[in-house]
Amino acid sequence: MQTHPFNFTQQCFFLLLLVCGWSWTACALGEGWKIWQQQKPDHISRDQVFLHDTFPTDFLWATGTSAFQTEGAWEQDGKGISIWDNFTHSRFGGSADIASDSYVQWEEDVKALTFLGIKAYTFSLSWPRLFPNGDAQNKPNLAGVRHYNRLIDKLLENNIEPIVTLYHWDLPQMLQEQYGGWRNETLIELFEEYASFCFQTFGDKVKYWLTMHNPYLMAVQGYGTGIHAPGETGGDLSALKVAHNMIKAHSRAWHKYNTHFRPHQRGEVSIVLGSHWVEPQRATEANVELCQASMEAVLGWFANPIFGDGDYPLSLKLKHGTALPTFTEEEKLWVRNTADFFALSFDPKNLRLGRTQAQYGQSVTPDLRRVLTWIKLQYEDPLVLVAEAGWLSDASETTENTVALYLMKRFVNQVLQAIRFDGVQVMGYTAWSLLDGFEWEYGYDIRRGLFYIDFSDPERNRSPKTSALYYREIIAQNGFPQDKTSPEIKAHFPCDFHWGIADPTLQFTDPQLYMWNVSGDGSLLPVPGVRLHTRPSQCTSYLAIRNHLHLFASTGASHYRFALNWSLILPQGDLSNVNTAALRYYCCMLSELTKMNLKAVVVLYYPSHSAPNWGLPVPLQISGGWLNYSTVEAFRDYASLCYKELGPWVQYWITINEPNRLIDVYSSGRDKHQVAHNLLLAHSKAWRLYEEKYSTQQKGLVSLALHADWAEPANPFLQSNIEAAQRFLVFELARFLDPLLGNKYERQQDRGGYPNEIKTFLAQAGLQGSSLPNFTETEKNELKGALGFIALNHFTTRLVSPYSPKQPRPAPDHNCRTLTDPTWATSKQGQAVVPWGLRSILNWVTKRYGRDLPIIVTGSGIDDQAAVDDKLRQYYVKSYLQEALKAHHVDGVNLHGFYVWRLEDRHSPNFGLFSSTSHQSKAKVSVSVYKDIIAQRGFPESATVQMCHLNEQQEICSKA
């Protein structure tokens, strides 16, 4: 076997690793690697998720463009050909010959900037427009000089600071042909001369210079892979050489300015460096080193020589060995510290390329805050300009990709968090870009502009997108000073407030075998070591019931909501076969609750949302289920049985849980309407039956429970989105509540039946009127007022926009789609935590239906995977109850209860207050949080709690 001795360089690296203890991070100049060892920002705290605060008063709000992407006029007024002109003409068949026409319409660009309220504008000079052959020793193209002078003067006239980039990838083609472009060291001197001319010509009016934009992409994609101009495919060797020359060219330009122009122009010079971000799945030492190497392979490649020790990172040397060019000691001194601030590009191109650097167990994520903090740690806290940040495109000014708004919101807020929490010195933020333009290898297929341009229109008019309106709003407010969540209040909930816990259908099966009355005291004793696979529900499950209810009582809650199993009680769906054992089990449950002075809220029908029966008795589903009116009559008979057998222990009944979710399992719009219709009729018949036969004696209240998520317009700047959010709520809630309660917006004579908004929308959508069933006058009278209280299950808030015709699935009947704001805290299952949404939905219901009926939140919760310290659920319970308190005290909502979903984990997702493993229940921390709030009856000023129980007892006694 042949051996290969180390060369001298490899021997040095080997010895260096020995000195560093095999950990190259220990030898790293900076301390960026420490960020992965720090605790990540708390994703639960509202401020850490999204910070409502303002930026420093001198913060530079900017936007930017590049010459080749927007100017057009590719051979006008003496401009020379660039490598991108040549590349697009020869490779793509399309080009940026006109692009956004900014060379001609530059004044319109300035108007767009003033519309935004921008403080600074980043744009690039076209090297071939100023020097057609690239040689700055020749006479400049005066038309080009005149153009940029006019633009700079107009910017200053409008109090906009010009931030000028000398080179944004459009190298003169002549230099590529004559020297081979950036592979040739001659370009270093040529760039220095070009930079010197620009400093001399425009420097008296420019205070911020950027020598190059993202040289990483230029080196890798221009000379390594050939995706960019000039299209060379030299691989790593070529890319490394190009990068080396560009670093030295930048340094020469900086020194030229520092020596000859800074003393009287007093400006600053930097270079724009691009980056991704990477996180390890586990922060082990090995994974941290891999993440550090990933960052150094992209950002550190250029930043370490300029902001570090003047040399490449050790990880890069280990990766490339002798293929990596070297700096002499003199060059290291010459290169280091050749930037007056750190200019960062954070865009999707770097994210995509960053994925190629990711190792197993790492994930590339768009976290701008973490990048900024890494820069602070790695390079000794420099002043940072975010010189490019813009990720997704908006399709047009009217049909926008709304995600762009929320990515802007997230990235800008991450910068604010980096400033306020991490102490990063960020001087400005550049939203990229001002205009739709030519997006390099993607041509015009991708749009990143704040202003829309129709490239088929010769006029190239600029139209602000809603992302422009949003950025304008951020700039005007200098950040995010407002929050829909108002300050916390200190107050009590009413004495009769329901402190509840909600569960689904209860079907206890006890695997133990018991001996009864062995000791003569009537007790049940489990037989040790004997386990049964199945055991029908019956009173011999009494021990399980007692344990379960003691678990419930330990929370301090007063009301327990659970569901009966219709198909278990009536296997055939009618009274021909009544499962008396099942009824006896539920009697045991309710009687035990009553003994413990606890209240029951019983759901008659809890749809299972699992095919094929949806929780219905099988014979009913076979005969058509809720599409068949016979199920309505069957439900009335089932309700009558339950009222008769269980009613003495039940004060609150819910006929059907979330009928608005049940209709979603049906595919056609016509079926959805018919099912909703029959569900309403079933509820009203069950309600009338109780009122007529059982109410006087049992004195209970009957309702149905609706899933009630709040809806916000996804794009608040578009009327179509505002209308969609309202329409969503009407279809979700008013479809079921209006036939029962009417609403305050309709005339008395128009009340009864479905909301006019639904009828109008379906008619405008071209659907036949028969698709929405009509109620007979008898049915209208039966429905009218058939609600004892309003029961709402609220979990989250959704962003709503009109359903796109491009979506692969058919549109729902309300023609709305939902999405989530990425700045909201979310659970593992993706449920957003938006406390103010609860207050919003309570107010919406109150405004539409008045304050006469009490509202009870019969279900609200969050999945949290933590076995004990469930921080997300703790935050959820406290913050949602705080918003409930505001709704009651500040807004006057007639709120009577709040039920946490659910008592115990049975399976994923984990919504339970208690974990349950092998029939052993363990309280999570959220139990004590909820219990404390209950004990204090809310959020009082002090620990002193006004007691109610004695007064309530006296009231009962006096009435008796």
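Parameters and conventions
- Residues numbered from 1 in each chain as written.
- Predicted model: local features only at pLDDT ≥ 70, side-chain atom pairs only at ≥ 80, totals over all residues.
- Heavy atoms only, no water.
- Helix = DSSP H or I, 4+ residues; strand = E, 2+ residues; numbered from the N terminus.
- Areas by Shrake-Rupley, 256 points an atom, 1.4 Å probe, with all protein chains shown as cover.
- Phe/Tyr/Trp six-rings, centres within 6.5 Å; stacked < 30°, edge-to-face > 60°.
- Buried < 20%, exposed > 50% of the residue type's maximum accessible area, 1.4 Å probe, protein only.
- Lys NZ or Arg CZ within 6 Å of the ring centre and 35° of its normal.
- Salt bridge = Lys/Arg side-chain N within 4 Å of Asp/Glu carboxyl O.
- Core = buried A, V, L, I, M, F, W, Y, C linked by side-chain atoms within 4.5 Å.
- Polar contact = N/O pair within 3.5 Å; in protein donor to acceptor, adjacent residues only side chain to side chain.
- Contact = heavy atoms within 4.5 Å.
- Pairing = 2+ DSSP bridges.
- Axes fitted to C-alpha atoms, helices over the stretch in contact; angles between N-to-C directions.
- pLDDT = per-residue confidence, 0-100.
- Right-handed = clockwise from strand over helix to strand, strands pointing away.

Caption draft 1: Spatial organisation of the overall build of the chain. For the chain, the count of helices and strands is 35 helices and 31 strands. On the chain, roughly 38,900 Å² of surface is accessible, and the fraction owed to carbon and sulfur atoms is 51%.

Caption draft 2: Summary view of the packing of aromatic side chains. Under the criterion given, the structure shown has 65 aromatic pairs. Pairing Trp 127 with Tyr 167 gives two aromatic rings, centres 6.1 Å apart and planes at 90°, and the pair type is edge-to-face. Within this pair, whereas Trp 127 is found in helix H7 (residues 127–130), its partner Tyr 167 is found in strand S3 (residues 161–167), the two being separated by 40 residues in sequence. In terms of burial, Trp 127 and Tyr 167 fall into one category: buried. Ring geometry for Trp 374 versus Tyr 379: centroids 5.8 Å apart, planes at 80°, classification edge-to-face. When its relative accessible area of 0% is taken as the criterion, Trp 374 is described as buried. Within the aromatic cluster, the residues linked to one another by ring pairs are Phe 68, Trp 84, Phe 87, Trp 169, Phe 438, Trp 440, Tyr 444 and Phe 455. We note Arg 129 situated over the ring of Tyr 103; from NZ or CZ to the ring centre the distance is 4.0 Å.

Caption draft 3: Fine view of the pattern of salt bridges. By the definition in use, this model includes 43 salt bridges. Here Arg 420 makes a salt bridge to Asp 53, at a shortest N to O gap of 3.4 Å. Of this pair, Arg 420 sits in helix H19 (residues 403–420) while Asp 53 sits in the loop between helix H3 (46–49) and strand S1 (60–64), and the two are 367 residues apart along the sequence. Overall, the relative accessible area of 38% leaves Arg 420 in the partly exposed class. A single salt-bridge network, built from bridges that share partners, covers Asp 311, Lys 317, Glu 329 and Lys 332.

Caption draft 4: Layout of unusual backbone geometry. With an omega dihedral of 10°, the bond running from Ala 229 to Pro 230 counts as a cis peptide bond. Among the secondary structure elements, Pro 230 is positioned in the loop between helix H11 (215–224) and helix H12 (235–260). Cis geometry is found at the peptide bond from Trp 901 to Arg 902, where omega equals 5°. By secondary structure assignment, the location of Arg 902 is in the loop between strand S28 (895–901) and strand S29 (914–917). Even without glycine at this site, Asp 77 takes up a positive phi of about 55°. Note on placement: Asp 77 falls in the loop between helix H4 (67–70) and helix H5 (83–92).

Caption draft 5: The arrangement of the nonpolar core in detail. Trp 182, Tyr 429 and Trp 626 are the most contacted members of the largest nonpolar core, which has 287 residues in total. In terms of nonpolar packing, the next biggest core, distinct from the first, is built from twelve residues, Ala 62, Val 272, Phe 341 and Ala 343 among them.

Caption draft 6: Representation of the side chain of His 707 in the model. Assignment of secondary structure puts His 707 in strand S20 (residues 701–707). A distance of 2.9 Å separates the side chain of His 707 from the side chain of Asp 709, its partner in a polar contact. Once residues within four sequence positions are removed from consideration, His 707 is found in contact with Glu 658, Asn 660, Arg 661, Glu 732, Leu 733, Asn 793 and Phe 795.

Caption draft 7: Spatial organisation of the sheet that holds S20. Around the barrel, eight strands lie side by side as S14-S17-S18-S19-S20-S22-S27-S28; this closed barrel has parallel pairing. Strand-to-strand twist in this sheet, taken as the mean axis angle between neighbours without regard to direction, amounts to 25°. Sheet topology places strand S14 (residues 498–505) next to strand S17 (residues 559–563); four bridges connect them, and they run parallel. Within S17, the position partnered with Ala 502 by the bridge is Arg 561. Here helix H23 (residues 580–595) sits on the sheet and contacts S14, S17 and strand S18 (599–605); the angle it forms with S17, its principal contact strand, is near 175°. Where helix H32 (residues 835–849) meets the sheet, it contacts strand S22 (790–793), strand S27 (855–860) and S28, and its direction lies at approximately 145° from that of S27.

Caption draft 8: Structural context of H5. Looking only at H5, the buried set comprises Ile 83, Trp 84, Asp 85, Phe 87 and Thr 88. Contacts made by the buried residues of H5 are with H4, S3, helix H9 (173–179) and H11. Phi turns positive, to about 80°, at Gly 93, one or two residues after H5.

Caption draft 9: Representation of the confidence of the model for the chain in the model. Residues with a pLDDT of 70 or more make up 89% of the chain, whose mean pLDDT is 90. Counting interchain partners and residues more than four positions distant, the pLDDT-below-50 stretch residues 1–19 has 13 contacts.

Caption draft 10: Spotlight on the side chain of Asn 843. Assignment of secondary structure puts Asn 843 in helix H32. Residue classification places Asn 843 among the buried residues on the basis of a relative accessible area of 17%. Dropping the residues within four chain positions of it, Asn 843 is found in contact with Asp 891 and Val 893.

Caption draft 11: Quick look at the pairing of S28. The buried count for S28 comes to six of seven residues, which makes it a mostly enclosed element. Relative to S28, S14 is paired through five bridges, and the arrangement is parallel. Note that in S28 the partner of Ile 501 across the bridge is Val 900. Examined bridge by bridge, S27 and S28 share four bridges and lie parallel to one another. Opposite Ile 855, over in S28, you have Leu 895 as the bridge partner. The handedness of the S27 to S28 crossover, carried by helix H33 (residues 871–889), is right-handed.

Caption draft 12: Region of the structure containing the pairing of S17. Burial runs high along S17: five of the five residues are buried. Here S17 shows a buried face lined by His 559, Arg 561 and Ala 563 and a second buried face lined by Tyr 560 and Phe 562. The pairing of S17 with S18 spans five bridges and is parallel. What sits directly across from Arg 561, in S18, is Val 601.

Caption draft 13: Broad picture of the sheet that holds S1. Strands sit in the order S1-S2-S3-S4-S5-S7-S9-S10 around a closed barrel of eight strands; the barrel is parallel. The sheet shows a mean angle of 25° between the axes of neighbouring strands, taken without regard to direction. Two strands pair when backbone bridges link them, and S1 and strand S2 (residues 120–124) are joined in this way by three bridges, in the parallel orientation. Considered in S2, the bridge of Thr 63 is made with Tyr 121.

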